[in-house]
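One letter stands for each residue in the lines below.
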Amino acid sequence: MSASKKLVVIVPMEGTSLLDIAGPCDVFAQATKILRNDPLQPEEGYEILLASPGEGHHLKTQSGVEVVCPVTVAELDRPIDTLLIAGLGTEFFDYNRHDFYKWLKEVYPRLRRIGSVCIGAYALARAGLLNGRRATTHWQYSQDFQEQHPDVQVDTNPFYTRDGNVYTSGGLASGIDLALALLEEDYGRDLAALVAKKMVIYLRKPGYQTQFGDLLDHHQLANTLAGKLRPWMVQTLHEDLSVERLAAHANMSPRNFARVFLKECGLTPAKFVEKLRVETARKYLEESDLSIEQIAEKCGLGGMVSMRRVFLRHLSVSPSDYRRNFRTSLHH
């Protein structure tokens, strides 16, 4: 390895997504290719090395594609610049691989920086590297991660988070966002932007992870007051859905209805209705040709200004940007 090359070790976990591994690899490889062809650039970019977390060198990804790692983490004997944990497979989810987490904890002080892609954050947390730090992971695992690791300040809104020299990223493709950020940190915005252009992706992805997640877990709410009233509520979102109206429909007193609703759902009726309005509006934005004004009216979100305010509060993105990002391909 050239003295000016940065060694990036990526640890693919059994059963993880192929994109968790390939995304960051491609970013660093593209950057290295550009640097190599630039006579004015003394730096030589990166050397990428896949290292298996266990004893075997062959790992199967979620898609069934097998990845071959030249070394295991135990065999690494060179200075590592950047270490990335790519996802986390089911084998490691039960935390039985004490040897790997022990290795992570021991190697960390010798690294310039360490990071994780998607739910690889669980591995960093298990090794104690996220205690007292801000971190992100896949939005779907937000609650579980926080329950398992209460000492971590979990925020699954951003695509990636940095706290000191520890980096965590959100779901799947967020590993690309993280790699671009690390590249920009090393070689500047111009090179990172050029790599992004060559890969036909955003240097800064618009919005936040929030826009991809569900505001309401309808499966979990199925046998609650909220779940039973939901079909009727969806049909009457354009009307006044006060506690009194909801309670009357459920044949309950407003006070008792509000108490039971909050206990079962974890949300007040008013907050649930607002989230349901946003969820329904999202579907119209994705699947219909209705104008934003029409959607706002159908969903009881007032006008365009009011709907925009509510969308920014819940999804950190405007209705027009949401439609542009998520509209079904049939409407392109």
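The structure reproduced in this document is the subject of the present report. (Residues numbered from 1 in each chain as written. Predicted model: local features only at pLDDT ≥ 70, side-chain atom pairs only at ≥ 80, totals over all residues. Heavy atoms only, no water.)

### Concerning the overall build of the chain
No. 1: Within the chain, the regular secondary structure consists of 14 helices and eleven strands.
No. 2: Expressed as a percentage of the 332 residues in the chain, the buried residues total 49%.
No. 3: By element, 50% of the accessible surface of the chain is carried by carbon and sulfur atoms, the whole surface being about 16500 Å². (Helix = DSSP H or I, 4+ residues; strand = E, 2+ residues; numbered from the N terminus. Buried < 20%, exposed > 50% of the residue type's maximum accessible area, 1.4 Å probe, protein only. Areas by Shrake-Rupley, 256 points an atom, 1.4 Å probe, with all protein chains shown as cover.)

### Description of helix H10 (residues 254–265)
No. 1: A rise of 1.5 Å per residue sets the reference length of H10, with its twelve residues, at 16 Å; its end C-alpha atoms lie 16 Å apart and thus fit the reference within 8%.
No. 2: Burial in H10 covers these residues: Phe 257, Val 260, Phe 261 and Cys 265. What you see down the axis of H10 is that its buried residues fit within an arc of 105°, all on one side. When the buried face of H10 is taken as reference, the exposed residues oriented beyond 90 degrees from it are Arg 255, Arg 259 and Lys 263.
No. 3: Positive backbone phi, approximately 80°, marks Gly 266, located one or two places after H10. (Expected span 1.5 Å × (residues − 1). Arc of directions from axis to C-beta.)

### A short note on the packing of helix H8 (residues 225–235) against helix H11 (residues 269–287)
No. 1: At a minimum axis distance of 11 Å, the contact between H8 and H11 shows a crossing angle of 50°. On the basis of their axis angle, the class for H8 and H11 is oblique. Pair H8 / H11 crosses with right-handed handedness. From H8, Ala 226, Arg 230, Met 233 and Val 234 reach across to H11, where they touch Phe 272, Val 273 and Leu 276.
No. 2: When the residues that make up the contact of H8 with H11 are grouped by side-chain class, the tally is six nonpolar, no polar and one charged. (Axes fitted to C-alpha atoms, helices over the stretch in contact; angles between N-to-C directions. Parallel < 35°, antiparallel > 145°, perpendicular 65-115°, else oblique. Left-handed = near helix turned anticlockwise from the far one by under 90°. Contact = heavy atoms within 4.5 Å. Nonpolar A, V, L, I, M, F, W, Y, C, P; charged D, E, K, R; others polar.)

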